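Each chain is listed here by its residues.
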Amino acid sequence: MGSSKSSSSRMVIGAKQTFKAVTNDKAAKVYVARDAEEHVTKKIIDACNSKSIDIVYIDTMKELGDMCGIDVGAATAAELK
């Protein structure tokens with residue numbers, strides 16, 4: 001509500017939080033950085049595929065971090081339902 005973002009959607013950032021959102025059926029869409037390490041993103045991608053959740057690939061972790069409004073890179077993020 002008091003967010004400065006134009007979008008009203010809530011986000012979670014990071015592999016653990018993203019995976020939890022996907023497995024608990026709370027993720028509407030998942031963002032994955034192409035330069036993130038596969039061992040970090042593989043189980044999230046597999047879970048998204050099994051639950052038919054859209055995955056949006058972002059070129060770099062830095063770019064995904066910027067999109068999420070954080071100063072560091074992010075391997076994954078999820079937009080919550």
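Conventions adopted
- Residues numbered from 1 in each chain as written.
- Predicted model: local features only at pLDDT ≥ 70, side-chain atom pairs only at ≥ 80, totals over all residues.
- Heavy atoms only, no water.
- Helix = DSSP H or I, 4+ residues; strand = E, 2+ residues; numbered from the N terminus.
- Contact = heavy atoms within 4.5 Å.
- Pairing = 2+ DSSP bridges.
- Axes fitted to C-alpha atoms, helices over the stretch in contact; angles between N-to-C directions.

1. Quick notes on the side chain of Thr41
Within the secondary structure, Thr41 is located in helix α2 (residues 38-50). Dropping the residues within four chain positions of it, Thr41 is found in contact with Val32, Ala36, Ala75 and Thr76.

2. Comments concerning the sheet that holds strand β3 (residues 54-58)
Spatially, four strands are ordered β1-β4-β2-β3 in an open sheet, and the strand pairing comes out mixed. The open sheet terminates on both sides in strands that have one partner only, identified here as β1 (11-13) and β3. Averaged over all pairs of adjacent strands, the angle between strand axes in this sheet comes to 20 degrees, irrespective of strand direction. Those strands touched by helix α1 (residues 15-23) are β1, β2 (27-33) and β4 (76-80), and its axis lies near 40 degrees from that of β4.

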